[in-house]
Amino acid sequence: MLQVFITVGVCCGYFICYWSVNLKSNLSWRTPFIVQSIAALILAAGMHRLPHSPRWLPQVGREQRAWAVMEQFDRHGVEREKEDLLVRLSSGTNNATLKEIMLDPTTRWRAILAMFLMGMQQLSRIDAVLYFAPLVFRQAGLKSQQSSFFASGVPGILLAVVTLPTQLVLMDRWGRRPSTIWGGAGQGVCMFIIGILYASGGSKALAGKWTIISLIYIFLILFSVTWAVSLRLATIELQPSRSRSVSASLSQSVCWVVNTCVALTTPVFLSAYPSEPYFLFAACLAVTSIACVLFLPETLGRSLTDVDMLWNERTLRTSLLAHKLQFTRDGRRAETRHRRRDSDAEYHPGDVELADTNGVQVQNLHTAGS
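Remember, predicted model here, so these are calculated numbers, not experimental data. (Residues numbered from 1 in each chain as written. Predicted model: local features only at pLDDT ≥ 70, side-chain atom pairs only at ≥ 80, totals over all residues. Heavy atoms only, no water.)

A.B. asks: Sorry if this is basic, but what is going on with the overall build of the chain here?
C.D. replies: Assigned secondary structure in the chain consists of 16 helices and 0 strands. Taking all 370 residues of the chain together, the buried fraction comes to 37%. Put simply, of all contacts in the chain between residues at least 6 apart along the chain, 75% involve residues at least 24 apart. For the chain, the exposed area adds up to about 21600 Å²; of that, 65% sits on carbon and sulfur atoms. (Helix = DSSP H or I, 4+ residues; strand = E, 2+ residues; numbered from the N terminus. Buried < 20%, exposed > 50% of the residue type's maximum accessible area, 1.4 Å probe, protein only. Contact = heavy atoms within 4.5 Å. Areas by Shrake-Rupley, 256 points an atom, 1.4 Å probe, with all protein chains shown as cover.)

A.B. asks: How should I be thinking about the side chain of Ser224 in this particular structure?
C.D. replies: Its location among the elements puts Ser224 in helix H11 (residues 206-225). The exposure class of Ser224 is buried, given its relative accessible area of 1%. Those residues in contact with Ser224 that sit more than four places away from it in its chain are Leu159, Val162, Thr163, Thr166 and Val229.

A.B. asks: Sorry if this is basic, but what is going on with the state of the cysteines here?
C.D. replies: Each disulfide is one covalent bond, formed between the sulfur atoms of two cysteines. Enumeration over the complete set of coordinates arrives at 0 disulfides. You can see Cys11 has no disulfide; the closest cysteine sulfur is in Cys12, sitting 5.6 Å from it. Residue classification places Cys11 among the buried positions, given a relative accessible area of 15%. (Disulfide = S-S within 2.5 Å.)

A.B. asks: Before we go on, may I ask you to explain the nonpolar core in this structure?
C.D. replies: Counting residues in hydrophobic clusters, the biggest one holds 42 residues, and the most contacted among them are Met191, Ile194 and Ile216. Sorting elements by how many residues they give to this core places H11 first, with 8 residues. Residues in contact with Ile216, not counting those within four places in the same chain, are Arg125, Val129, Val136, Phe137 and Ile194. Grouped together as the second largest cluster of nonpolar side chains are 5 residues, Leu57, Trp67, Val69 and Met70 included. (Core = buried A, V, L, I, M, F, W, Y, C linked by side-chain atoms within 4.5 Å.)

A.B. asks: What is the right way to read a positive patch on the surface from this model?
C.D. replies: A contiguous patch of positive charge on the surface is contributed by Arg329, Arg333, Arg337 and Arg341. Inspection of the secondary structure puts Arg341 in helix H15 (residues 304-346). (Patch = residues over 30% accessible without salt bridge, like charges linked within 9 Å, V, L, I, M, F, W, Y side chains within 5 Å. Salt bridge = Lys/Arg side-chain N within 4 Å of Asp/Glu carboxyl O. Lys, Arg positive; Asp, Glu negative; His and termini not counted. Charge placed at Lys NZ, Arg CZ, Asp CG, Glu CD.)

A.B. asks: Even after reading the chapter, I still don't get the side chain of Thr31, so can you show me in this structure?
C.D. replies: Mapped onto the elements, Thr31 comes out in helix H2 (residues 27-46). If we skip the residues at most four places from it in the chain, Thr31 touches Ile16, Trp19, Ser20 and Leu23.

A.B. asks: Could you clarify how one ought to interpret the confidence of the model for the chain in this entry?
C.D. replies: Detailed conclusions should not be drawn from predicted coordinates in areas where pLDDT is low. Of all residues in the chain, 84% attain a pLDDT of 70 or more, and the chain-wide mean is 79. Confidence drops under a pLDDT of 50 for residues 351-370, and excluding neighbours within four residues, the segment shows 0 contacts in the predicted structure. (pLDDT = per-residue confidence, 0-100.)

A.B. asks: In this structure, what is going on with the packing of H11 against helix H12 (residues 227-237)? I would like to understand it.
C.D. replies: The angle between the axes and the distance between the axes are what describe a pair of packed helices. Remark: H11 packs on H12, axes separated minimally by 4 Å, with the N-to-C direction vectors making an angle of 30 degrees. Along the contact surface, H11 presents Leu222, Phe223, Ser224 and Val225, while H12 presents Trp227, Ala228 and Val229. Its residues placed into classes, the contact of H11 with H12 shows 6 nonpolar, 1 polar and no charged. (Axes fitted to C-alpha atoms, helices over the stretch in contact; angles between N-to-C directions. Nonpolar A, V, L, I, M, F, W, Y, C, P; charged D, E, K, R; others polar.)

A.B. asks: Help me understand a nonpolar patch on the surface in this model?
C.D. replies: Judged by side-chain polarity, Leu27, Ile34, Ile38 and Ile42 come together as a nonpolar surface patch covering roughly 370 Å² of accessible area. Within the secondary structure, Ile34 is located in helix H2.

A.B. asks: Which parts of the structure should I look at to understand the pattern of salt bridges?
C.D. replies: When their charged atoms lie close together, side chains carrying opposite charge are able to pair. One pass over the structure, following the stated rule, counts 1 salt bridge. The closest approach of N and O atoms between Arg176 and Glu237, which form a salt bridge, is 3.0 Å. Note that Arg176 is positioned in helix H10 (residues 176-200) and Glu237 in helix H12, a separation of 61 residues in sequence. Its relative accessible area of 4% is what places Arg176 among the buried residues. According to the relative accessible area criterion, Glu237 is partly exposed, its value standing at 22%.

A.B. asks: Looking at this model, I keep getting lost on the environment of Ala205. Mind explaining?
C.D. replies: Structurally, Ala205 is set in the loop between H10 and H11. Residues Ala205 and Gly141, spaced 64 residues apart in sequence, show a C-alpha to C-alpha distance of 9.4 Å.

A.B. asks: When you look at the packing of aromatic side chains in this model, what are you seeing that I'm missing?
C.D. replies: Applying the stated criterion to the full structure yields 3 aromatic pairs. Between Trp29 and Phe33 the ring centres are 6.4 Å apart and the planes differ by 75 degrees, which places this aromatic pair in the edge-to-face class. Note that Trp29 and Phe33 are positioned in helix H2 at a spacing of 4 residues, about one turn of the helix. According to the relative accessible area criterion, Phe33 is exposed, its value standing at 52%. Consider the rings of Phe192 and Phe279, whose centres lie 5.7 Å apart with planes at 65 degrees: the pair is edge-to-face. Of this pair, Phe192 sits in helix H10 while Phe279 is found in helix H14 (residues 276-295), placing the two residues 87 residues apart along the sequence. For Phe192, a relative accessible area of 42% gives the class partly exposed. Overall, the relative accessible area of 29% leaves Phe279 in the partly exposed class. (Phe/Tyr/Trp six-rings, centres within 6.5 Å; stacked < 30°, edge-to-face > 60°.)

A.B. asks: Honestly, the packing of helix H6 (residues 105-122) against helix H13 (residues 241-272) in this entry has me stumped. Any pointers?
C.D. replies: In the contact formed by H6 and H13, the axes pass within 8 Å of each other and the chain directions differ by 30 degrees. When the axis of H6 is compared with that of H13, the two are roughly parallel. Here H6 runs over H13; the crossing is right-handed. Contacts between H6 and H13 involve Thr106, Thr107, Ala111, Ala114, Met115, Met118, Gly119, Gln121 and Gln122 from the former and Arg242, Ser243, Ser247, Leu250, Ser251, Gln252, Val254, Cys255, Val258, Asn259 and Val262 from the latter. Considered class by class, the residues forming the contact of H6 with H13 number 9 nonpolar, 10 polar and 1 charged. (Parallel < 35°, antiparallel > 145°, perpendicular 65-115°, else oblique. Left-handed = near helix turned anticlockwise from the far one by under 90°.)

This is the structure in structure tokens:
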């Protein structure tokens, strides 16, 4: 439900700012901060009711509490999770440190993939829309400040309405891998078409402006039903137990670092280059979808052992594909070199040089005789 509450908060924030911007006093800019402070206090007051992690509780001797927490969230898979936890405790496996994760190939590449996916999630342009929606819609053709700001509230409504059924029902039916791949492809198509419209001047026509606005809304819907939920779940479910906490922290850190970079650079890029940022976002989305095709296994409903087997199988297939491509490229290079040697064998530069030399000598004799 985390993503649902995030989208509800974004939606409320848009319309609180839309209402407070018309206030004549300093409450115009103070009101959003007051509302944020109240929400933060409510969150802090309710944190004591948040249960501890069921993977941490057995490590401190509270197994029964861990089973009770697991039953609250997953009654059907609790026995399987119990077995995994008991095996881990009996083997004495502890949480891995950052150094151990990066030195171990079995955990290093999973952590790198998690950081890559969370970073590319921010480079999909979602925060450019959420943070600078008035600027984006003014660039698309809504010149009035109020109309562009009101249009900015529509993404908040879309996010809230679409995310709720996605997280409650659809996410567990689609799976992590298909939603990540096809969601990234659909978003990339939207960004690419918007970039073409700006680059070709089609955005100046009325139909082009409304096409851009519609594609922005379609992009938001696709992000909400796919990447907003699936990427966060996949990056966590992909990790082994001993490296899950550290890898999740690393991926979230990369997420916020990239988020900050996007927030600082988006206004500059949009004002200087109307079309190029959209091509950049489309390229990032395409690269991420290809990376998911090659490396990301399906983690929905899988135990940790199953995820390990699927990861090894996926990496083996990708390695075989890379070797096959390398073999094909080397074969083409060898064939090219062989053709060059054949053409050189048919060409005799010594005969040409001899003919040229004889011609020069004959010319010199005629010159001397005259």
